[in-house]
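Notes for the structure review
Letter by letter, the chains look like this.
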Amino acid sequence: MRVFTIAIDGPVGAGKSSVADEVARRLGVLHLDTGAMYRAFAWLAIQEGVSLADEAALEALTKRALPDVLYEDGHQRTLIDGRDVTGFIRTPDISMAASTVSKAACVRAAMVERQQALARERSMVLDGRDIGTRVLPDATLKIYLTASPEARARRRLEDLQKSGEDASFEAVLQDVLRRDRQDMTREVDPLRPAPDAQVLDSSDMPFEHVVEDILRRIHLRLGHRPRPAEAFTPMYRVARVAAALLFNVITPIRYHRAEAAQMDAPYILIANHLTMLDPLIVALKCYRYHVRFLGKKELESNRIARWMFQKLLMIPVNRHNMDMAAMRACLKVLKEDHVLGIFPEGTRHHEGVMQSMETGIAMIALRAKVPLLPAYIQGRPKAFRRINVYFGDPIPVSEIAAKGVNKDTCAELMQRIGQTYDALTQMAGDPR
Ligand code: DC
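Residues numbered from 1 in each chain as written. Predicted model: local features only at pLDDT ≥ 70, side-chain atom pairs only at ≥ 80, totals over all residues. Heavy atoms only, no water.

Focus on the packing of aromatic side chains
If you walk through the whole model with that rule in mind, you get 4 aromatic pairs. When the centroid spacing of 5.3 Å and the interplanar angle of 85 degrees are considered together, the rings of Phe232 and Tyr236 count as edge-to-face. Both residues of the pair, Phe232 and Tyr236, count as buried. (Phe/Tyr/Trp six-rings, centres within 6.5 Å; stacked < 30°, edge-to-face > 60°. Buried < 20%, exposed > 50% of the residue type's maximum accessible area, 1.4 Å probe, protein only.)

Things to note about the sheet that holds strand S3 (residues 68-72)
Here we have 3 strands laid out as an open sheet, ordered S3-S4-S5, and antiparallel in their pairing. Bordering the open sheet on either side are S3 and strand S5 (83-84), each of which pairs with just one other strand. With 2 bridges joining them, strand S4 (residues 75-80) and S5 adopt antiparallel strand pairing. By the bridge assignment, Leu79 is partnered in S5 with Asp84. On top of the sheet, helix H2 (residues 34-47) reaches S3, S4 and S5; it is set at about 30 degrees to S4, its chief contact. (Pairing = 2+ DSSP bridges. Helix = DSSP H or I, 4+ residues; strand = E, 2+ residues; numbered from the N terminus. Contact = heavy atoms within 4.5 Å. Axes fitted to C-alpha atoms, helices over the stretch in contact; angles between N-to-C directions.)

A closer look at the packing of helix H4 (residues 92-101) against helix H8 (residues 169-185)
Two numbers describe how H4 lies on H8: the axes approach to 9 Å, and their chain directions differ by 15 degrees. What the angle tells us is that H4 and H8 run roughly parallel. In this structure, the crossing between H4 and H8 has a hand that is left-handed. Residues Ser95, Met96, Ser99 and Thr100 of H4 pack against Asp175, Arg178, Arg179, Gln182 and Asp183 of H8. (Parallel < 35°, antiparallel > 145°, perpendicular 65-115°, else oblique. Left-handed = near helix turned anticlockwise from the far one by under 90°.)

Points about H4
What sets the pattern is the α-helix's 3.6 residues per turn: residues three or four places apart point alike. Burial analysis of H4 places 7 of its 10 residues in the buried class, which makes it a mostly covered element. Among all positions of H4, only Ile94, Ser95, Met96, Ala97, Ala98, Ser99 and Val101 are buried. For H4, the elements touching its buried residues are H2, helix H3 (55-64), helix H5 (105-119) and H8.

Some words on unusual backbone geometry
The residue after Ala265, namely Pro266, is reached through a cis peptide bond having omega 5 degrees. Following the sequence through the fold, Pro266 ends up in the loop between strand S9 (253-256) and strand S10 (267-271). The backbone of Leu313 shows a phi angle near 65 degrees, a positive value even though the residue is not glycine. Inspection of the secondary structure puts Leu313 in the loop between helix H12 (303-311) and strand S12 (315-317). One non-glycine residue, Asp337, lies in the positive phi region at around 65 degrees. If you trace the backbone, Asp337 turns up in the loop between helix H13 (324-335) and strand S13 (339-342).

Description of the pattern of salt bridges
Considering all chains together, one arrives at 27 salt bridges under this definition. Residue Arg64 pairs with Asp81 through a salt bridge whose shortest N-O separation is 3.9 Å. Residue Arg64 is located in helix H3, and its partner Asp81 is located in the loop between S4 and S5; the two are separated by 17 residues in the primary sequence. The partly exposed category is assigned to Asp81, whose relative accessible area is 35%. Each of the salt bridges in this network shares a partner with another, and the network as a whole consists of Glu22, Arg25, Arg26, Glu208 and Glu212. (Salt bridge = Lys/Arg side-chain N within 4 Å of Asp/Glu carboxyl O.)

Looking at the domain arrangement of the chain
It is common to give the size of an interface as the accessible area lost on bringing the parts into contact. The assigned domain composition of the chain is domain 1 (1-29 + 125-224), domain 2 (31-122) and domain 3 (231-428). If you average the C-alpha positions of domain 1 and of domain 3, the two centres end up 29 Å apart. Each side of the interface is counted separately: domain 1 has 13 residues, and domain 3 has 14 residues. Both sides together, the interface formed by domain 1 and domain 3 hides about 1200 Å², and carbon and sulfur atoms give 48% of it. Area buried by domain 1 at its contact with domain 3 is led by Arg216, Arg217 and Leu220, which between them contribute 43% of it. (Domains from an automatic or database assignment. Buried area = accessible area lost by both parts, 1.4 Å probe.)

Concerning the environment of Ala14
For Ala14, the location among the structural elements is in the loop between strand S1 (5-9) and helix H1 (16-27). For Ala14, a relative accessible area of 3% puts it in the buried group. Taking the C-alpha atoms as reference, Ala14 lies 8.8 Å from Pro149; in sequence the two are 135 residues apart. Aside from chain neighbours lying at most four places away, what touches Ala14 is Leu145, Thr146, Arg152, Arg155 and Ser202.

Observations regarding empty space enclosed by the protein
A water-sized probe rolled over the atoms picks out the places where empty space is left. Scanning the model with the defined rule gives 1 cavity of 30 Å³ or more in all. Counted as a void, the largest cavity has a volume near 50 Å³. Residue lining of the largest cavity: 13 residues in total, with Asp9, Gly132, Pro193, Ala194 and Ala197 positioned closest to the centre. Put simply, the parts of the chain that give the lining of the largest cavity at least two residues each are S1, helix H6 (131-135) and strand S7 (141-146). For the lining of the largest cavity, the leading source of residues is S7, giving 3 residues. Broken down by class, the residue content of the lining of the largest cavity amounts to 6 nonpolar, 2 polar and 5 charged. (1 Å grid on protein atoms, 1.4 Å probe; cavity = no way out; pocket = protein on both sides within 12 Å on 5 of 7 lines; lining within 4 Å. Points joined across faces, edges and corners; volume = space filled by probe spheres on them. Nonpolar A, V, L, I, M, F, W, Y, C, P; charged D, E, K, R; others polar.)

Remarks on the site of the ligand
Near the ligand, the surroundings consist of 16 residues, among which Arg39, Arg108, Arg129, Asp130 and Arg179 are the closest. The side chain of Arg39 places a nitrogen or oxygen atom 2.7 Å from an oxygen atom of the ligand. Within the contact set of the ligand, an oxygen atom lies 2.7 Å away from a side-chain nitrogen or oxygen of Arg108. A total of 440 Å² of accessible area belongs to the ligand in isolation, and the protein chains cover 97% of it. (Near = heavy atom within 4 Å. Polar contact = N/O pair within 3.5 Å; in protein donor to acceptor, adjacent residues only side chain to side chain. Areas by Shrake-Rupley, 256 points an atom, 1.4 Å probe, with all protein chains shown as cover.)

Here it is, written out as structure tokens:
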């Protein structure tokens, strides 16, 4: 396997370190916890009585001692000034102190250089705040792992309680928010997703699912296609083969960030709608599931068409009135852990960018409480002229769904979807 580096960045308490550790273990490579290096340095500064705000003193300290790492049974031990400090650097005081020293440009420069040297020439998973943006701008894959502040505070609290520390949820939440502010607003390399990072919101995901999700993304990036997680009908398989031929040879398509489409079902795949080929275009990269598309009833114009669409497991919808049967069928598909495919514009548009959308989609997502995976098809397929398809990051819905399913929450979700498409079209270099 070629040498690869995986960058996992994100805010405090997103679970980066334990996720990175497990991902690295499963890949048989080393994990570099860069936060531990800042923590070790902060620990030493405190031991030496150096003021954390005194940049000159911190710089002098970087000249004298920088953290080192070594691996024992694949696990990182962090050393500084000849001492193994692994066991001393997980306290709330050191957390805050590490965040403070990490603001100093001289400290960051020294750490980044050391991290780059460690990651040179061997495959590694690195977790931190600036891996994708600064340490390894050419990383093989960049993940920005995040979660809501509440979910992160809950996890932090559990960790603290496990290690016998006493703390209240409110205090931990305030600490999380304070460190977020400090890490995101510092002048040098503030915490933010790299433009080419894939954002993974783990608020509603158990640890094991996050690990599996990231591993699938890495394997796909390294050229290994994931296996189907469910049976495809023979008709669907035929359609996939035809699509693969078509989009590799006659109307070539370049897919971007298809890793995002390998997440666990249930989810709703949404896309803008330009031509009859769109279902094939977006479903081709969902390697693991047979995508059940919602399609207008008019498509079943004769017996053969009806037979074909039934074999493709299409859900017919009557677009001229509220089709409750179609709504129920959509919810059933999601309840049974499948992928639902919807073109929210309701009909094809020729302008390309996402036009006004039907709010039924928000209703389904909120009622089923499943994330939406957006895809943006840039242009109509043309013979021998390449078009691009961009997959976005999944849009989580649980926070909005917790407020109920009503006109306001549907409008809120539709607005989120609109913002996501703004970002996707911008990524594709298209005007909105
Ligand atoms: O990931 P952690 O909580 O162990 O990190 C401790 C602090 O170190 C964090 O508040 C910000 C800083 N840090 C950083 O600035 N850049 C990194 N790559 C890793 C950590």
